[in-house]
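Coordinate analysis (summary)
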Amino acid sequence: MAKLAYAVAKDPTSAQERDWYIATALAVRDRVVDGWAESYRHTNDTQNKRVYYMSLEFLIGRLLFDSLTNLGIVEEMRQALASLGVDLDRLRTVEPDAALGNGGLGRLAACFMESMATLAVPAYGYGIRYENGLFRQGIKDGWQQEYPENWLTNGNPWEFERPEITYDVGFGGTVDITYGPDGAATYRWHPAERVSAVAYDTPVVGWRCRHVNTLRLWAARAVDPLRLDAFNAGDYVGALADRVRAESISKVLYPSDATPAGQELRLRQEFFFASASLQDLVRRHIKQYGPVEMLAEKAAIQLNDTHPAIGVVELMRILVDLHDVPWAKAWDITQATFGYTNHTLLPEALETWPVHLMERLLPRHMQIIYLINAVHLDGLRAKGNSDPALLSSVSLIEESWGRQRVRMGTLAFVGAHRVNGVSALHSELMKETVFRDLHAIFPEKINNKTNGITFRRWLYEANPGLTKVLVDTLGPRVLDDPEELLGLEKFASDTEFQAKLKAVRRKNKEALSKVFQHRLGFPVDPDALFDVQIKRIHEYKRQHLNLLETVALYNAIRADPGRNWTPRVKIFAGKAAASYHTAKLIIKLANDIARVVNSDPTVRGILKVGFLQNYNVSLAEQIIPAADLSEQISTAGLEASGTGNMKLALNGALTIGTLDGANVEINERVGEDNIFIFGLTAEEVEARRRNGYNARDVIASSPKLSEVFASIESGVFSPDDTSRYRGFIEMLSNHDHFLVTADFDAYYAAQRQVDAHWQNGAAWWRSSILNTARVGWFSSDRTIREYARDIWNVPVQTT
Ligand SMILES: *Cc1c(COP(=O)(O)O)cnc(C)c1O
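Residues numbered from 1 in each chain as written. Predicted model: local features only at pLDDT ≥ 70, side-chain atom pairs only at ≥ 80, totals over all residues. Heavy atoms only, no water.

The condition is simple: UniProt positions are given in the numbering used here, feature names are shortened, and annotations may be inferred rather than shown by experiment.
In the nomenclature of an unreviewed UniProt entry, the chain is known as Alpha-1,4 glucan phosphorylase of Lichenifustis flavocetrariae. In the Sequence similarities (unreviewed entry) part of its UniProt record, the chain is described as follows: "Belongs to the glycogen phosphorylase family." What UniProt records for the chain under Catalytic activity (unreviewed entry) is the sentence "[(1->4)-alpha-D-glucosyl](n) + phosphate = [(1->4)-alpha-D-glucosyl](n-1) + alpha-D-glucose 1-phosphate".

So this is what it looks like as structure tokens:
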């Protein structure tokens, strides 16, 4: 009430929902801030090592329930608001999603921030405060439309602007050399352009408010906001041009999750946040500890993918040029401080930058890269490696057709003391593929850290019904120790317990049916099997494999409508990169199939298809607790880990999937009777591709697939434009790089096993319970414990 009156300046009679939301958030924030100050003092007093998690993306979503849950005041707040006639669950939906990320990589950073706070690891997350988060997706005539996401329009009650924490970040210019009396050279960079980075801090509360960390996001401001000389001379536009150019750095998030943008603005973004963050952490270190030589003892920096890898070079510049640390010593400090997490094996997704662009934008950094490379290659030669093919494969500079590019993956690899993959399979494949030669030289660097998810958001907040059953059954300890979930195993076949979980799922499905009604204009049957594929739209994730199966099933039902079919709702959600044509066509295909299937009376009550627009963290929180089946069907060897697979299994959905990413480890834990694994393995995929895969033969030998292709190609789902999918079918018949056709029959068969299992209700629910029981290991608390022990060398608090 006081917050409403004094901070929002409204009285209860005129207050809108948004005013109530802001007032509530500010009241909650006050509690968080107390813990924040306490955590800050504690870290300073104990002189504990700090972790700096650098990521170009933080897909955090809404924060109100995160804070309420971790402070343990959800019910208290619900009642306080109810007494004022306000519904907390409605307020929850007023908060915009902070969509400062594309997908899995950004969401991982958000889960890690929460787990580091929970485990009381003193940490800062460093990133960019994009004014426009990932685009909002609309669907028009079945096609994706992109709209800007202005998440800050109505203010952001969680952040604190810190105008006093500002750093200059330079670009361009020249490098001066001066020689000391001993002949030693000193290099000074004189940038032609400067941009200010201004800090915005958001507190991140850990579970039970044990510890509060900081997410520090940088906004770009012009150093000289208005060129007064130009302004006074009447050149208004010219006076503002520099400002616009500077501030464009933190305007938009690049909307592609698997391919680098390769544009100058992207490199400016990367250097901007890496430089500001390094200046900030070096300043903090010197202020508290003095000598910069001790940095690695007091700071661990984790690179989330190669996007911040230029930070390796920036730290070298700070140490050598600004603090006169000798080169070899500076390199030791740098390597000991950095860790690097790789997220992809797709060769086209590995970042490289043209040398000429680097030279123009970051001339001193390019010199340092050459020197790092020279020392690196000389070291190898000194150890007897003289094979030119090997040396060029591990060089920081890639040369092809006379063009030179800087390999950011190699830079991150050599600049870090540990390099990790994000699932057991992915880490092994890293050693054999992208980093094979580097691994042979530095065998101690690569290690595995299988991803995890925070259970606070993905179970307690998203699925309060299930959480209550778990606490009632296993006691409140289960909230602190996810391994306690194993206690569910003994209830797996218990009819009464199964009934409780069924009731929870049923309610969640009813709620999702309302979302369908509201967004798509039709409800879905909560008794049907909810079959869910929600993730970025990408050929390697193979939403089209699911769509082909949908058409095959549709054909089969029409041919024999009276059979004992399993009623299903196929649910899709996900965004396609704006420039990715095939992915956008897959969205259109999903909507075209949905229109035909949903209006066909023959399959009514048996099959429904729905594409829910604008997939984001909040929509995920609504869909996941209502899912029966989790689609994780990527081409084996291409999904580094996946985390959607973990969220769904935790909430009791059974997985249908390939042996890819963390599916392999989910399979090992839940047991093969409780998961549907199908398709080629990573090795088999590799072999098929090597031997020249022929899709046409495979299609011809599968009557089902031939029929599906014929119906899509002839325009059954696109009567308004019968040629719409001709090129698409052509591509799958000729190239089929992602082996959709190769896995189709196995996938169709696995889906029929799903039907059979579902029809034996008790067996299905037993499997569902065993999924929840056995995936406690996928908590991001476990992942962070491993990073803390093996990479960062920092203690964690036991929960
Ligand atoms: C978890 C999550 C992802 C990652 O999903 P995958 O299935 O692992 O690709 C992407 N986007 C959002 C909003 C998520 O919550």
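**With respect to the packing of aromatic side chains**
The condition is simple: Think of it this way: a Phe, Tyr or Trp ring, Trp meaning its six-membered ring, pairs with another when their centres are within 6.5 Å, and the plane angle makes it stacked under 30 degrees, edge-to-face over 60, tilted otherwise. Counting from the N terminus, the helices are the DSSP runs of H or I reaching at least four residues and the strands are the DSSP runs of E reaching at least two. Between buried and exposed lies partly exposed: a residue is buried under 20% and exposed over 50% of the maximum accessible area for its type, with that area taken using a 1.4 Å probe on protein chains only.
For the structure on display, the rule yields 24 aromatic pairs. Plain terms: the ring middles of Phe413 and Phe435 are 5.0 Å apart, the flat faces sit at 55° to each other, and that makes the pair tilted. Of the two residues, Phe413 is situated in helix α16 (residues 408-415) and Phe435 in the loop between α17 (424-432) and α18 (436-441); the sequence distance between them amounts to 22 residues. Phe435 matches Phe413 in its accessibility class, with the two residues each being buried. Ring centres of Phe491 and Phe497 lie 5.3 Å apart, and the angle between their planes is 40°; this geometry places the pair in the tilted category. Look at Phe497 and you get buried, because its relative accessible area is 3%. What links up through ring pairs into an aromatic cluster is the set Tyr52, Tyr124, Tyr126, Tyr167 and Trp218.

**Description of the sheet that holds strand β1 (residues 50-54)**
Put simply, the rule is: Should DSSP find at least two bridges between two strands, the strands are taken to pair. Only the stretch in contact is used when a helix axis is fitted, and all axes are lines through C-alpha atoms; the angle between N-to-C directions ranges over 0 to 180 degrees.
One open sheet holds the nine strands; their spatial order is β7-β10-β11-β4-β1-β12-β13-β17-β18, and the pairing between them is mixed. Looking along the sheet, the strands with just one partner apiece sit at the ends: β7 (160-171) and β18 (446-448). Sheet twist, expressed as the average angle between the axes of neighbouring strands with direction ignored, equals 25°. Note: strand β4 (residues 123-128) against strand β11 (residues 212-222), five bridges, orientation parallel. Opposite Gly125, over in β11, you have Leu215 as the bridge partner.

**Brief notes about the site of the ligand**
Selection rule: Put simply, a residue is near a molecule or strand once any heavy atom of it comes within 4 Å of that molecule or strand. In the analysis that follows, any N or O atom pair within 3.5 Å is treated as a polar contact, provided that within protein one partner can donate a hydrogen and the other can accept it, and provided that, for residues neighboring in sequence, both atoms belong to side chains. Computed with a 1.4 Å probe, the accessible areas rest on the Shrake-Rupley method; for each residue, only the protein chains presented here act as cover.
Near the ligand there are 13 residues, and of these Lys535, Lys541, Thr643, Gly644 and Lys647 occur at the shortest range. At 2.7 Å from an oxygen atom of the ligand is found a side-chain nitrogen or oxygen belonging to Lys541. Thr643 is positioned with one of its backbone polar atoms (N or O) 2.8 Å from an oxygen atom of the ligand. For the ligand, the accessible surface in isolation is 390 Å², of which the surrounding protein chains cover 96%.

**What about the UniProt feature "modified residue: N6-(pyridoxal phosphate)lysine" (unreviewed entry) in the chain?**
For the record, the criterion: Contacts are assigned to residue pairs that have any heavy atoms within 4.5 Å of one another.
Here the UniProt-annotated "modified residue: N6-(pyridoxal phosphate)lysine" (unreviewed entry) positions come out as Lys647. Looking at the secondary structure, you find Lys647 in helix α25 (residues 644-650). Discounting chain neighbours no more than four positions away, the residues touching Lys647 are Arg107, Ile453, Trp458 and Ile624.

**Comments concerning empty space enclosed by the protein**
Which entries qualify depends on this criterion: Whether a set of points on the 1 Å grid over the protein atoms alone is a cavity depends on a 1.4 Å probe fitting there but being unable to get out, while an open set qualifies as a pocket with protein on both sides within 12 Å along at least five of seven lines; lining residues are those with an atom within 4 Å of a point. Grid points are joined across faces, edges and corners, and a volume is the space filled by probe spheres set on the points. Here the term charged refers only to Asp, Glu, Lys and Arg, the term nonpolar to Ala, Val, Leu, Ile, Met, Phe, Trp, Tyr, Cys and Pro, and the term polar to all other amino acids, Gly among them.
The tally for this structure, following the rule as stated, stands at nine cavities of 30 Å³ or more. Each pocket or cavity is described by its volume, and for the largest cavity that value is around 880 Å³. Looking at the largest cavity, it is lined by 46 residues, and the ones nearest its centre are Gly103, Gly104, Leu105, Asp257 and Lys541. Listed by contribution, the elements that provide at least two residues to the lining of the largest cavity are α6 (104-118), α24 (617-623) and α25. For the lining of the largest cavity, the element with the highest residue contribution is α6, accounting for four residues. Split into classes, the residues belonging to the lining of the largest cavity amount to 18 nonpolar, 16 polar and twelve charged. Estimated volume of the second largest cavity: approximately 210 Å³.

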